[in-house]
Amino acid sequence: MRKRKINGYLLVGLIITGALLLMTLIGAFHTPWDPNAMSATEKFQAPSLAHLFGTDRFGRDIFSRVLKGSGTTLAIALATVAIGAVVGTLVGAVTGFFGGVVDDALMRLNDALTAFPSILLALLVISIVGPENKYNVVLALGIVFIPSFARVTRTAFAGLRDANYITSARLMGASNGRILLIHMLPNTARVLLPAVTIGFNNAVLAEASMSFLGIGVTPPDASLGYLLKEAQSMLALAPWYALCTGTVIALLVFGVGLIGEGLQKMDREVA
Amino acid sequence: MKYALKRILMLVLTMVIVSFLTFLAFELISGDPAEAKLGTEATPERLAALRHEMGLDRPFPVRYVSWLAGFVSGDLGTSYNYDMPVWELIAPKLEVTLCLCLLSFVLITAVSIPLAIWSYRWTGTAFDAVRTAFNQLCMAVPPFFTGILMSYFFGIVMRLFIPGDFPDLRTDFGEAVTHLFFAAICLGIPRAAMTVRMMRSTVIGEMQKAYVRTAISRGNDRRGVLTRHVLKNSLTSAVTFLGQTMAELIGGSVVVEQVFGIPGLGRLLVYSISNRDYPVVETLVVILAFWVVLAGTLADLINQRIDPRLRLGGAV
Amino acid sequence: MLEIRDLHVKFHNRDREAVAGISLTIGDGEIVGLVGESGSGKSVTAMSIAGLLPRKQCDLSGDILLDGEDLLHAPRSALRQIHGRKIGVVFQEPMSAMDPLMKVGEQVGEVLRIHTRMSKEERRARVLEVLQAVELSDPEAVYDKYPHELSGGMLQRAMIAAAIVIHPTLLLLDEPTTALDVTIQAQILELLKKLNAEWGISMLFISHNLNVVRKLCRRVAVMQRGELVEAGSTDQVFFRPQHPYTKRLIEAIPTRHGKETL
């Protein structure tokens, strides 16, 4: 087996994502200005050294707002992916390992759900579970993302079910639980990791879309999508608001996308 | 022909199941419409009278069948918010969204397939990495962000269209299409990038196959191998993917309509969800589901024309 | 007619040469067998004659001359004129070597489409003729079938038809019978003999199966690890093998006293 080499995609992706994460992390404890402090004298200021991303209609510092907003967005995306990955892996593991009628039925349902645009599903779920706030966004998106993770892990588990080393483990009297946990789960990490990067990106984009539509994060919370919604209303007078906020979203998704690309490339080269 | 019939039958069956689940779900979450309608004026007698008038006292299966019958005949109930028949509310918006999605779909197909073939030729060169990165970037920029940028540059700065002011599709067709055109581009960019990515890897995969070697041994040049053999063999994956694209576009249009102020289904859906206008949401869900299932069925039927192996009937 | 002189092929990602200086000639109307185990370089030799090696990924040296024309260093455009027209190739797995989405008749006629100005009707007539010549019953029906609708043996006949449709001077057969049943194998060998006798096409027959080679070829060459270890008339190689590797190969053939095969 050849040595795993870090490739360019992975490196650039890690740098971009790392920088954004670091800034968000700092922003969680300290922002240059109070993100909600208004100032009558500093309305609609173009980006400058004092206000890196300028100010909005109320004289609030956009850079500070973006830092806080990306914190919210990241938290929602991570929580969503966590729900989707954990529950999805559980469902995928059980159905893939045992097969049978339940497996068939669940996978049919899965096909139907994944064919449906995820943003629409999320909107529907939120209309059912109730008021629009960040917790319900996480719940709605988490539910919507379960099928895609379940599909990926199911394939991996079903593929491993008849592998030689699993058969020998079974012959040695290992229980199903032990086989699933000790022998199979570590081997699915390979397919789970790229799925997590894709899921994370979808979560960021979906949350941003929902908040942008006004059916997502609501004040006092502000996510990047919500900021973009705000920015659109003052587009003619403060175009830098939309530009800076949107660029941060795009960079985040781009960085994580490159990591995913890099991981896949590494996987291909090792195989 | 037999296959097509079977596939269409499956489409109908799927739709019946979807409509039943939708009806059931909304029956559970939407509460009592009669109570909602009467509001504070509700007395037990008036409630009972209205319930009888609206047919709510009938058993559930009867109500489902009559709702379904209404659906098929175009009687979709009345919107809570607009107090007008749901169909009259939806029809003009459906037209606009259909135009938007078709426009975007045509753009995606026309751009991404040639681009995929062109980018295939660069495989393994230094340019390849740049191209991959650019591809990732296109997938990363959310449509509502490109939408905002476009409405700033082409709308506010260059005044090619007025953001938020959508001309009537019937009287001002040219203007309306210009408006839709920018929206369609925003909607299409990420999906086109995905199509290029997927198409490129399909072509690379097909190029490894043994029949390509045979084709070369017959004296085909690169162009002949590609056009006569590889493209046709890559087509089924492309068609499946484009079918999914057609479904995804309707989801993306929800957001893009909001950015450009286009009065389509998406905006109506968002508005109706925020206001809990259940008859409208219910109808929209069924229409959107039909759209998704129809796109998949069409893709399958086209693929079955392309690939004779699918005509054996076994694989559905 | 075909002359290989001191051919070397080395892939960039391998340390050892795949073909390490072999020389071989095929006369007009001759069938030459090339024998060796997998990895011995026999297929690579055939691929370099057919110009199917990825030139960017390997180093080539030596000469391959077809009627005096250089095949190894000719530009791609010149090679395309030779492919199909002067050299036909038949591969091991007919099912994967055929384009699954193209009708068998059209694939057989593809060479005509590339190299001649025949009309569609003329091509069809010619294809039907050749399908008849490879002893496919009901050529009309076969013409409009897709590969998955035919059996392996029928497909291999169609592949042969596709390779000879324009009457090439040389037919390269890369393990053409390996994937087939024993009875079908025998029929295909008979067919090749017939085509050789009636059409006068020279053939290079590559196989790991000595028995098959003995039935078909008058001359045979044995390859091991990229080198030609023995060459001569079939009788000579079989009954008086000089090289120890050849001896071992022949001893490995099941005899009538052991488990019976052909």
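Since the structure is predicted, the reported quantities are computational estimates derived from the model, not experimental observations. By convention here, each chain's residues receive numbers from 1 onward along its written sequence. As a convention, the first chain written is A and the first ligand written is 1, with the rest following in written order. Two thresholds apply to this predicted model, a pLDDT of at least 70 for residue-level local features and 80 or more for giving and counting side-chain atom pairs, whereas whole-chain, interface and lining totals are computed over all residues. Based on all heavy atoms of the structure, the side-chain values leave hydrogens and waters out of the count.

*Asks:* Looking at this model, I keep getting lost on the overall build of chain A. Mind explaining?
*Replies:* Along chain A, the regular secondary structure elements total 9 helices and 0 strands. Strands are runs of DSSP state E lasting at least 2 residues, helices are runs of H or I lasting at least 4, and numbering of each runs from the N terminus. Secondary structure elements of chain A, listed N to C terminal, follow the sequence α-α-α-α-α-α-α-α-α. For chain A, the spread of C-alpha atoms along the three principal axes comes to 75 × 45 × 30 Å. Looking at chain A as a whole, 52% of its 271 residues are labelled buried. Note on definitions: a residue-residue contact is assigned when non-hydrogen atoms from the two residues lie within 4.5 Å. Long-range pairs, those at least 24 residues apart, make up 70% of the contacts in chain A with a sequence separation of at least 6. For chain A, the accessible area works out to roughly 12600 Å², and carbon and sulfur atoms hold 69% of it. In summary, the charge assignment counts Lys and Arg as positive and Asp and Glu as negative, without counting His or the chain termini. To locate a charge, take atom NZ for lysine, CZ for arginine, CG for aspartate or CD for glutamate. Measuring between centres, the 20 positive side-chain charges of chain A sit 8 Å from its 15 negative side-chain charges. Classification of residues uses two cut-offs on accessible area relative to the type maximum, computed with a 1.4 Å probe and protein chains only: under 20% is buried, over 50% is exposed, and between them is partly exposed. For every accessible area listed, the method is Shrake-Rupley and the probe measures 1.4 Å; residues are considered covered only by the protein chains on display.

*Asks:* Quick question: what am I supposed to make of the interface of chain C and chain B here?
*Replies:* Where interface size is quoted, it is often the accessible area lost as the parts come together. In this assembly, 25 residues from chain C lie in contact with 20 residues from chain B. Both sides of the chain C and chain B interface together cover about 2200 Å² of buried area, and 59% of this is carbon and sulfur. Buried area counts how much accessible surface, traced with a 1.4 Å probe, disappears from two parts once they are put together, with both parts' losses summed. Taken as a group, L101, E110 and H148 of chain C account for 28% of the area that chain C buries against chain B, more than any other trio of residues on that side. Between Lys or Arg on one side and Asp or Glu on the other, a salt bridge is scored when a side-chain nitrogen of the former is within 4 Å of a carboxyl oxygen of the latter. Counting every contact that joins chain C to chain B gives 2 salt bridges. Ionic pairing is found between E110 of chain C and R218 of chain B, a salt bridge with its closest N-O pair at 3.0 Å.

*Asks:* Sorry if this is basic, but what is going on with helix α11 (residues 265-274) of chain B here?
*Replies:* Buried residues dominate α11 of chain B, accounting for 7 of its 10 residues. Burial in α11 of chain B covers these residues: L265, G266, L268, L269, V270, S272 and I273 of chain B. Where α11 of chain B is buried, its residues contact α4 (118-129) and α7 (176-213) of chain A together with α5 (86-120), α10 (222-260) and α12 (278-306) of chain B. Once α11 of chain B ends, the next one or two residues include R276 of chain B, with phi positive near 55°.

*Asks:* Any chance you could explain a nonpolar patch on the surface here in plain terms?
*Replies:* A cluster of nonpolar side chains, contributed by L13, I17, F20, L21, L24 and L28 of chain B, occupies part of the molecular surface with about 580 Å² of accessible area. As for its position among the elements, F20 of chain B is in helix α1 (residues 2-29). Patches draw on residues past 30% relative accessible area with no salt bridge. Two like charges within 9 Å are joined, as are two nonpolar side chains (Val, Leu, Ile, Met, Phe, Trp, Tyr) within 5 Å.

*Asks:* I'm lost on the domain arrangement of chain B in this one. Help?
*Replies:* Residues and elements named next belong to chain B. What the domain assignment lists for chain B is domain 1 (2-73) and domain 2 (88-315). The interface is formed by 16 residues belonging to domain 1 together with 19 residues belonging to domain 2. A buried area of about 1600 Å², summed over both sides, lies between domain 1 and domain 2, and 78% of it is on carbon and sulfur atoms. Our enumeration of links across domain 1 and domain 2 arrives at 1 salt bridge. For the side of domain 1 that touches domain 2, the elements supplying multiple residues, two or more each, are α1 and α4 (60-73). Marked domain ranges trace back to an automatic or database domain assignment.

*Asks:* Where do I start with the interface of chain B and chain A in this structure?
*Replies:* With 38 residues of chain B at the interface, the matching set in chain A holds 36 residues. Among the residues chain B hides against chain A, the three largest losses belong to F144, F145 and I148 of chain B. Together they make up 18% of the total. Taken together, chain B and chain A are joined by 1 salt bridge. Its salt-bridge partner being R197 of chain B, residue E261 of chain A comes within 2.4 Å of it at the nearest N-O pair. Pairs of N or O atoms are called polar contacts if they sit within 3.5 Å, as long as, within protein, a hydrogen donor faces a hydrogen acceptor (for residues adjacent in sequence, only side-chain-to-side-chain pairs). Run the count over chain B and chain A and you get 6 residue pairs in polar contact (both at pLDDT 80 or more). Looking at the side of chain B that touches chain A residue by residue, the class counts come to 28 nonpolar, 6 polar and 4 charged. Throughout this entry, Asp, Glu, Lys and Arg are counted as charged residues, while Ala, Val, Leu, Ile, Met, Phe, Trp, Tyr, Cys and Pro are counted as nonpolar. The remaining residues, Gly among them, count as polar.

*Asks:* I keep staring at the sheet that holds strand β4 (residues 58-66) of chain C and nothing clicks. Help me out?
*Replies:* Neighbouring strands of a sheet are bound in pairs by backbone hydrogen bonds; such pairs are parallel or else antiparallel. Residues and elements named next belong to chain C. Read across the open sheet, the 4 strands follow the order β2-β1-β4-β5; overall the sheet is antiparallel. The open sheet has two edge strands, β2 (19-26) and β5 (69-70), and neither has a second partner. Of the strands in this sheet, β1 (2-11), β2 and β4 touch helix α1 (residues 42-50), which is tilted by about 110° from β1. Any two strands are treated as partners once DSSP identifies two or more bridges connecting them. Fitted lines through C-alpha atoms serve as axes, helices being fitted only where they are in contact, and the angles separating the N-to-C directions of these axes extend from 0 to 180 degrees.

*Asks:* Explain the pattern of salt bridges here, please?
*Replies:* A pair can form between side chains of opposite charge whenever their charged atoms are brought close. Residues and elements named next belong to chain C. This structure, assessed with the given rule, holds 21 salt bridges over all chains. Of the charged contacts in the structure, one is a salt bridge between R157 and E135, with a shortest N-O distance of 3.6 Å. Remark: E135 occurs in the loop between α6 (120-133) and α7 (139-143) and R157 occurs in helix α8 (residues 152-164); sequence separation between them is 22 residues. Classification of R157 by relative accessible area gives buried; the value is 9%. For E135, a relative accessible area of 43% corresponds to the partly exposed category. Through salt bridges with shared partners, a single ionic network connects K103, R124, E140 and D144.

*Asks:* Explanation requested: unusual backbone geometry in the structure shown.
*Replies:* With glycine set apart, most residues show a phi of negative sign, and most peptide bonds adopt trans. At D67 of chain C, a residue that is not glycine, the phi angle is positive and equals roughly 50°. Residue placement: D67 of chain C occurs in the loop between β4 and β5.

*Asks:* How should the environment of M150 of chain B be read in this particular structure?
*Replies:* Residues and elements named next belong to chain B. Residue placement: M150 occurs in helix α7 (residues 143-157). The buried category is assigned to M150, whose relative accessible area is 14%. In the structure, M150 is positioned 130 residues away from V280 in sequence and 31 Å away in space, judged by C-alpha atoms. The contact partners of M150, leaving out residues within four places of it in the chain, are G155, F161, F182, I185, C186 and F260.

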